[in-house]
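Chain and residue survey
The chain contents come next:
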Amino acid sequence: MEQFRGARDKVTLVKITVLRGNNLRGNKAECILNYVRAEFNGIVLGDSQKLDAAVDQGVDYNFTCSFECSDAAHTLDDMAHKPVILTVIEVLPKEKKQKEEKTAVIGQAIVDLLPLLHGQVSFFSTVLLHPTPGSPAEAASQEGSCKPSLDVTVCVPEPLLSGVQLSDSNLLKVTVETAYSVPEVWNPVSGSGPPSSYVAALQVPLTAEKEQVLMFSNGLLKVGGESEPMGRPRKWPLGPLLAPGAQFIPGVSMEGEPIEMEDGDLTSIEDRDFRKEAETNKKRVSWDTERRCFLDADGAACLTHRIAESRLWPVEVMRSPQVGATKGGKAGKDKGGEDETQLSFHGVAYVDMAPLLYPGARRVRGAYRLYPFYDSDLLVKAKRNISVLRESIRAPATQGRGRAPSSVGSCKAIPSKLFDGGHKGGKDTKESPKRPGTQGKSAPIGSDSVTLVETEQQQQVNTEGQMYADSRTYIIIEIALEKSLVPKRSPEELAKRVMELIPPRAPLPRRPAGAERAVQEYQAQIASVAGQVLEQYQQLFGPAFLPGEKPLDPTSQEQRKTKLLGELNYSGKYFAFKEQIKYSVVRIVREKMLRTEAFSDPEQLQAFLSQLYVFLVDEMHVALNKTLSVDAQETQPRPLVDCAQLVHFAKEAQLNGDYQLAAQYYQEQLTRDRSDPAHWFDYGVLYMLTADYQKAEECFHYAVSMEQTHLPSLLMCGILAEMDGRLEEAETFFEGATCVDPANVVAWTLFGLFYEGQENSIQTEMAFLEATKQQRAALVVTPPCRVETRVESPDLGEEEQEVANCESLTIKPDVDGDTEASVVTGSQSCQGSMPGEGYKGGAEAEPSAMRHLATPTRLNTTIYMETVQFLLQNNALQMAQRALAQELLCPEGGLSSSYHLALARLRLLRAEYGSAESSLKEALNDSFQDPDVWALFGHIHHLTGEFGKAQECYERTLDFVTDATDTHPIYLRLGSIYLQEGEFQRAKTTYLRACKSSPSCLTWLGLGIACYRLGELTEAEDALTEANILNNGNAEVWGYLSLVCLQTGRRLEAEQSYKYALKLNFQKEAVLREIKALQDHVGFGNPCF
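Throughout what follows, the structure given in this document is the object of discussion. (Residues numbered from 1 in each chain as written. Predicted model: local features only at pLDDT ≥ 70, side-chain atom pairs only at ≥ 80, totals over all residues. Heavy atoms only, no water.)

1. Focus: the overall build of the chain
Within the chain, the secondary structure is distributed over 39 helices and 20 strands. Among the 1089 residues that make up the chain, the fraction classed as buried is 51%. For the chain, the proportion of contacts with a sequence separation of at least 24, taken over those separated by at least 6, is 72%. Carbon and sulfur atoms provide 52% of the accessible area of the chain, an area that totals close to 48,900 Å². (Helix = DSSP H or I, 4+ residues; strand = E, 2+ residues; numbered from the N terminus. Buried < 20%, exposed > 50% of the residue type's maximum accessible area, 1.4 Å probe, protein only. Contact = heavy atoms within 4.5 Å. Areas by Shrake-Rupley, 256 points an atom, 1.4 Å probe, with all protein chains shown as cover.)

Dropping the structure here:
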């Protein structure tokens, strides 16, 4: 960019001022003569004056030096990774006959210039003076006395970067930590043989025109025996310093993380024991060095482009038998006589840089396997064709520069050829690319064949590199950015966008209307008048009640009453009170008594006035009790059925294909509390079942408007928006869901499925990896509940669990009434009743957002199977099919019993019974004793009318030691089969178990029918009464109640029950004929007689 070109052309003077030295100590006990020397980028900037300083006292240097920052020398990148080195030197006293003065280094201090790259124009720092070995300062620091330090200021006349440049630039930090499990042939330095240098190198773009080779040549071989300490400091990428402590970057240390959260290789559970052994007992090479790189806007864009072109970046490693082959971050300083034969133990690690393209990602860290270096592998994996280490060693000595060299190639090179080897001529054909057709500058025509021969020879010869693979050597590398390459929207921005799509609405307070409001207004006027009368009483007679006083006798009370009434009449307040109450009484007459016309009959008028008087007096007493009684409490009768039961009944209605009744239950739930988002979510899931996606989306939008962070509704809004082609809205909903609960596996997986549909591979990978990390983290916290295809809801009580289970049954094979229920469970799959419509129950009965999403982490469960449970439960079949497709591609997934079971549930929801049965047969191959599989088999046979086979499957399911995930539909359907076959005792036992685990109108009705057929009329009446309490609109219950009353000779009740059965449109002709026959037999029961 033009602004960065201007910044590079500009020359800025950087001034360093050493103000003062503190607590200095020299070789002599008395005053010491010393001075300060400043160095930067290998150049001495100047020396201060020689000043005397008392021991452990301060000395004012006020020494200023400077250097010019430009693109020609001392670049911004140099300032990023090279500090100013301040050396305090003591001038020793001259001895006799000594011509030249002697000096000794007291210590060195390091000044980090990074604040200047952050836009500061000046900063002050007190830097620690690290003592040299053997100096008095070292002994003093070991004794614990005050440590020597220097006060330093650094300033520039104007910021090095403008505001735009600062926002567009970036800082790349590459840290090479430690290589573990290195070849056993490596031995520490001994007296025999030359010492070895361990080097790591990689190349990164700094600008659009320049790349930088990063060399880490200070590797130290260590023997095993103990782990590397955590929190150890990171080193500067410099050569050896006189003061060892000065090599560490102040305030920066190694921060480890759990293996499962790393980005590299060797992160599986199987690798953990090996890594623990390697990081404790095996040899390792430690660098612990951080190299910073300043990237301008073009450099950051080039880095992004390079990662998009090739996600694997090579980090080469070698052992060099010569000291100083490369030096601290500089390439091209090798001796001209060196050749490639000296690249011993040439290996390479491929770092996956793609995570840096994830939105908001700023770091990649992990353990990366070292492989033997082959040019062919480098070309295939990294799309590069030249070795960084080989080029740096082969570079002529005359090419060396005073500072770190620029790149060998250009950022504008062809994607597959990031290093341009043509400028070196065809002299070394084995260094040229190995693929047959190279572009741009290439070797002569015959060189390709030579290259291929050389490749084969190299692959046979690199025996030293093969030792990395044999030893399973790996190297820990961290690559971090100061700013993410791809910005991520903040949670606040996402919340705002969701709010724009679905504006929040405050819950409307319930306002009484009509008769209720008229009564409340009357009570309020009574309370107001009572307060005024009490105030008048206190004015006349003082406080009405005084502690310790005796109560008034009746005569005194009557006297006070008379006086009070006289005062009210005399003052006109009595008339005012009547006028105050009159309007509310008129409203009661009109809206409560529904009288708006005058009476023509005096008797009717008198009767009405009596009725009105009684009503007004009663309401007056209610109002006075509320006003005057301190113990008055409004007691509202508790409803017989709570919201959880309503959801249970609704899903049971879905099971039987009665969607109208299910809708009534959900509407009643909304009537109880319209501000609960879970109630709207449940209602929306019902519309998903009936494929009315527009109304379903309205319900989910209502839920989000009530609670902007309701996670299940956000996810369903995203799914429906994607189905409708509104991709931007869908992305907002999915991304908002991941911000609402960053640890939710389902949210991240759905986010990945969305991006997978958009063919955005980077974002897809990011979301799936995050989902996997969260699942592993949950696995550590939450122990697995059950094996593979079985899962229970840990949050639910016994009754609620059954409610949840029933939901699964509700026409959706997958639905465990609870989202929490098994992900792969089959019993839930017990689909609905209608052959043409599979039905998975709606959302959870519990009004909590997490209830709809909570899937307990199970052993052998993948992120896709957890997501499939949520999707099948909420009838999002298209997305569920996509999740199952990903399950096939997942290494941990594949054609498992869980997959086949989930696929069967999906097919059952689509009424594809033949395909569903085929999937279940596949599932039985791996889990023949899984009760969920047999339960789902039973549901398929029941829906296809094969009741005999369904009975066998249900009985086998209940005979297993482990219960099926959802037993409620099994009990209901098995009990109905027993009733059809006349096995009433077995039906009674089955329905009793259902009533105990998850009572409903249907379970009590089945029990009542079984008892009636067995002649147990008392038990039958009790069961039918319970059924009637739970649902007084079931015509069959009234019909059987009529039969019981006819059998027991209760005429009035028999007639009423029969009348209600007909009124509710009782349709079972066989039962109706039985009732009429019994009525004819006993001679009563039919009101038409």
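Read on, since the account is not over.
2. Remarks on empty space enclosed by the protein
Scanning the entire structure with this criterion turns up three cavities of 30 Å³ or more. For the largest cavity, the calculated volume is near 60 Å³. Lining the largest cavity are L114, L117, H118, L166, S169, N170, L171, F294, E482 and K483. Contributions of two or more residues to the lining of the largest cavity are made by α3 (114-117) and β11 (170-180). (1 Å grid on protein atoms, 1.4 Å probe; cavity = no way out; pocket = protein on both sides within 12 Å on 5 of 7 lines; lining within 4 Å. Points joined across faces, edges and corners; volume = space filled by probe spheres on them.)

3. Points about the sheet that holds strand β10 (residues 149-155)
Read across the open sheet, the four strands follow the order β5-β1-β10-β8; overall the sheet is antiparallel. The open sheet has two free edges, formed respectively by β5 (59-69) and β8 (122-128), since each of these has just one partner strand. Averaged over all pairs of adjacent strands, the angle between their axes in this sheet comes to 20 degrees, without regard to strand direction. Sheet analysis places β8 next to β10, joined by seven bridges and oriented antiparallel. (Pairing = 2+ DSSP bridges. Axes fitted to C-alpha atoms, helices over the stretch in contact; angles between N-to-C directions.)

4. Observations concerning helix α7 (residues 297-309)
For α7, built from 13 residues, the straight-helix expectation of 18 Å at 1.5 Å per residue is met to within 8% by its first-to-last C-alpha distance of 18 Å. Among the residues of α7, those classed as buried are A297, D298, G299, A300, C302, L303, R306 and I307. Residue D296 occupies the N-cap position of α7, its side-chain oxygen lying 3.2 Å from the main-chain nitrogen of D298. (Expected span 1.5 Å × (residues − 1). Polar contact = N/O pair within 3.5 Å; in protein donor to acceptor, adjacent residues only side chain to side chain.)

5. Section: the packing of aromatic side chains
Remark: the centre distance and the inter-plane angle together describe each pair of aromatic rings, the angle taken between the planes. According to the stated counting rule, one finds 21 aromatic pairs in the structure shown. Centroid distance W186 to F345: 5.3 Å. Interplanar angle 85 degrees. Geometry classified as edge-to-face. Placement of W186 in the loop between β11 and β12 (197-205) and of F345 in strand β18 (residues 344-352) is noted, with a sequence separation of 159 residues between them. With respect to burial, W186 and F345 carry one shared label: buried. (Phe/Tyr/Trp six-rings, centres within 6.5 Å; stacked < 30°, edge-to-face > 60°.)

6. Things to note about helix α29 (residues 897-909)
For α29, built from 13 residues, the straight-helix expectation of 18 Å at 1.5 Å per residue is met to within 8% by its first-to-last C-alpha distance of 18 Å. All of the buried residues along α29 are S897, S898, Y899, H900, L901, A902, L903, A904, R905, L906, L908 and L909. Buried residues along α29 sit in contact with α27 (863-873), α28 (877-889), α30 (913-926) and α31 (931-943).

7. Section: the pattern of salt bridges
Considering all chains together, one arrives at 44 salt bridges under this definition. For R20, the salt bridge identified is with D60, shortest N-O distance 2.8 Å. Of the two residues, R20 sits in strand β1 (residues 12-22) while D60 sits in strand β5, which places them 40 residues apart along the sequence. On the accessibility criterion, R20 (30% relative accessible area) is partly exposed. Ionic pairing is found between E478 and R363, a salt bridge with its closest N-O pair at 3.1 Å. Within this pair, whereas E478 is found in strand β20 (residues 474-481), its partner R363 is found in strand β19 (residues 363-372), the two being separated by 115 residues in sequence. Overall, E478 belongs to the buried group, its relative accessible area being 6%. (Salt bridge = Lys/Arg side-chain N within 4 Å of Asp/Glu carboxyl O.)

8. Remarks on the nonpolar core
In terms of nonpolar packing, the biggest core is built from 118 residues, with F700, L715, F734, L750 and L871 touching the most fellow members. Ranked by size, the runner-up nonpolar core spans 40 residues in total, among them V14, Y61, L113 and F294. (Core = buried A, V, L, I, M, F, W, Y, C linked by side-chain atoms within 4.5 Å.)

9. Overview of unusual backbone geometry
Phi at K383 is positive, roughly 55 degrees, even though this residue is not glycine. Of the residues examined, K383 reaches a relative accessible area of 36% and is grouped as partly exposed. Of note in this structure, N875 is not a glycine but carries a positive phi near 65 degrees. Mapped onto the elements of the fold, N875 is located in the loop between α27 and α28.

10. Let's talk about the side chain of E262
With respect to the helices and strands, the residue E262 is situated in the loop between β15 (248-253) and α6 (269-281). What makes E262 buried here is its relative accessible area of 7%. Engagement of the side chain of E262 in a polar contact is seen with the side chain of R275, the distance being 2.7 Å.

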